[in-house]
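Chains, contacts and geometry: an overview
Next come the chains, spelled out residue by residue.
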Amino acid sequence: MGLHDLPFIDAWKDMGFKSFAFGVIYRVILLVGAAFLGTTLWINDSSYLLASVIILILGFQTYNLIEYGNTTNKKITRFLESIRYADFSSSFTKDSPLGKSFKEMNMSFNEVIKAFKKTRAEKEEQMLFLQIMIQHINTGIISFDHTGKIGVINGAAKQLLKIPQFKDIYDFGKLSRSLLEKILQIKPGGSFAIKINHDLHLNFQSASFKMGGVSWTLLSFQNIQSELQKNELEAWQNLTKVLRHEIMNSMTPIASLANSLGIILEEDVLEVNEELVIDHDGFEDLREGLSTIAKRSSGLVDFVNAYRDYTSIPQPILKNFTVKVLFENITVLLKEEMNKSEVCLIYDISPADLEINADQELIQMILINLIKNAKEALDKSKDKTIKLKAGLNTLSHPYIKVIDHGEGIVPEALERIFVPFYTTKKTGSGIGLSISRQIMNLHKGYLEVNSIPDQETVFTLSFV
């Protein structure tokens, strides 16, 4: 809050300064009048005694004028120093021996000091409230400057870290050296998660601000171990449901058919001349049943292989490569398949030399899977064009989009298409999109989808 924004400043100007100006003008008039009178009398009478009296009067009036001005300056200096050093205990109410104008000015000073005092009290209350709130939230809060000196650390942070004598940011190294390295490398607005031990899995977020001309970094963090365990349990439960569903779908008909085939062998197989003979109908039933068992068994094997593929994705080998080379490779690989389906595959890259730090083979596998899905969605579409678009988002992070104008994905399925083994197709294992998202997670990136049925579907690969 500036001086011009404070209440009663205008009153101080109007009353204090006007009264002071009036007092100065009044004394100057008296001084000039006395000098004029003395000069006139000297010219007419040439009296040394009278001249001496006039000189004494002029000296007294000059001294009075100087003291008047100095007294006002002293009051103003005292008032400004009270504001400068936040000493709001000063009072000017009774300090008015020079008359009403000074009393009015003193009252204005007091009103201004009172306004400053009230403002400081409100700020102190706000600061106290913020300190109490920071100390009582469950999220750990730590601030530090460019030298690593700790500014604020709340109780939740101390409880989570359990580091004795936490003095500066480098004490994080006592808990984990890799944690300290990540904190020193984190950028404003960045985040990361790190597992310290079996019970401590911390998720950090960073922000920066300036205070008093000093740059500060604010870290907030929570222990997400219990949440991860909860999500892990839900994931295992969902996986168990899927496994049970697929296994039961295969094993139930196999068991039923095996039982039926056993009955056929008992009833339709006859012993003639010490040889086993079966009629034509019984033979056809046996052949059909064995064929069905073989198909269901093969389907179960395919499911197990798909599960193995989903759980054995290799760690990506990150290297820089240009998106143009990636798109050109995909275009060549899928050229014949796109021509057969009369689908046009185009791409747009901005900037043209855009690079991505990722595993090119794995990203290529994701894009091929997405392009094939898009091709199937264009079977009944008039606009048989698939567009690959690459660029930079608002945070200057690269992205790749796969865009088609096919039948799209209905909202009900949109929420489940990344669930393992869920599929809307008559054929397929339902793990392609799940594996694609898992690959992007291994790249610390994201795979998202937006779809308007029969208008446009966009799959976005976002990199960090």
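Note that this is a predicted model, so its numbers are computed, not measured.

The next point concerns helix α8 (residues 323–340). The end-to-end C-alpha distance of α8 is 26 Å, a good match for the 26 Å that 18 residues give at a rise of 1.5 Å each. A bend of about 55° at L334 is the largest found in α8. Of all the residues in α8, the buried ones are V323, L326, F327, I330, L334 and M338. If you follow the buried residues of α8, they end up packed against β8 (319–322), β9 (344–349), β10 (355–358), α9 (360–377), β11 (385–392) and β12 (398–404).

What follows concerns the sheet that holds β9. With respect to topology, five strands assemble into an open sheet ordered β9-β11-β12-β14-β13, the strand pairing being mixed. Every interior strand has two partners, whereas the edge strands, β9 and β13 (446–452), have only one. Put simply, the sheet's adjacent strands are angled 15° from each other on average, direction ignored. Here β11 pairs with β12 via seven bridges, running antiparallel. Its bridge partner lying in β12, G391 is registered against Y399.

A few words now on the confidence of the model for the protein chain. A residue-level look at the protein chain finds 75% of positions with pLDDT of 70 or above and a mean pLDDT of 77. Scored below 50 in pLDDT, residues 1–17 shows 27 contacts in the model against residues more than four places distant or in partner chains.

Within the structure shown, the criterion is met by three salt bridges. For the salt bridge of K340 with E336, the shortest nitrogen-to-oxygen distance reads 3.8 Å. Residue K340 and its partner E336 are located together in helix α8, separated by four residues, close to a single helical turn. Two residues, K375 and E337, come together in a salt bridge whose shortest N-O distance is 3.9 Å. Note that K375 is positioned in helix α9 and E337 in helix α8, a separation of 38 residues in sequence. K375 gets classed as buried once you look at its relative accessible area, which sits at 14%.

It is worth spelling out unusual backbone geometry at this point. The omega torsion across S350 and P351 is 0°, close enough to zero to call that bond cis. Within the secondary structure, P351 is located in the loop between β9 and β10. Positive phi, normally seen in glycine, also occurs at S396, with a value near 65°. Mapped onto the fold, S396 is located in the loop between β11 and β12. According to the relative accessible area criterion, S396 is exposed, its value standing at 52%. Despite not being glycine, D454 has its phi angle at roughly 65°, a positive value. The exposed category is assigned to D454, whose relative accessible area is 62%.

Okay, the sheet that holds strand β1 (residues 140–145) next. Taken in spatial order, the five strands make up an open sheet running β2-β1-β5-β4-β3, and their pairing is antiparallel. The two strands at the open ends of the sheet, each matched to only one other strand, are β2 (150–153) and β3 (191–195). Geometrically, the sheet is characterised by an average inter-axis angle of 25° between neighbouring strands, direction not taken into account. Taken together, the five bridges between β3 and strand β4 (residues 201–211) define a ladder with antiparallel strand orientation. Bridge pairing in β4 places S191 opposite Q205.

The rules behind these values
- Residues numbered from 1 in each chain as written.
- Predicted model: local features only at pLDDT ≥ 70, side-chain atom pairs only at ≥ 80, totals over all residues.
- Heavy atoms only, no water.
- Helix = DSSP H or I, 4+ residues; strand = E, 2+ residues; numbered from the N terminus.
- Expected span 1.5 Å × (residues − 1).
- Bend = angle between axes of the 7 residues up to and from the residue.
- Buried < 20%, exposed > 50% of the residue type's maximum accessible area, 1.4 Å probe, protein only.
- Contact = heavy atoms within 4.5 Å.
- Pairing = 2+ DSSP bridges.
- Axes fitted to C-alpha atoms, helices over the stretch in contact; angles between N-to-C directions.
- pLDDT = per-residue confidence, 0-100.
- Salt bridge = Lys/Arg side-chain N within 4 Å of Asp/Glu carboxyl O.

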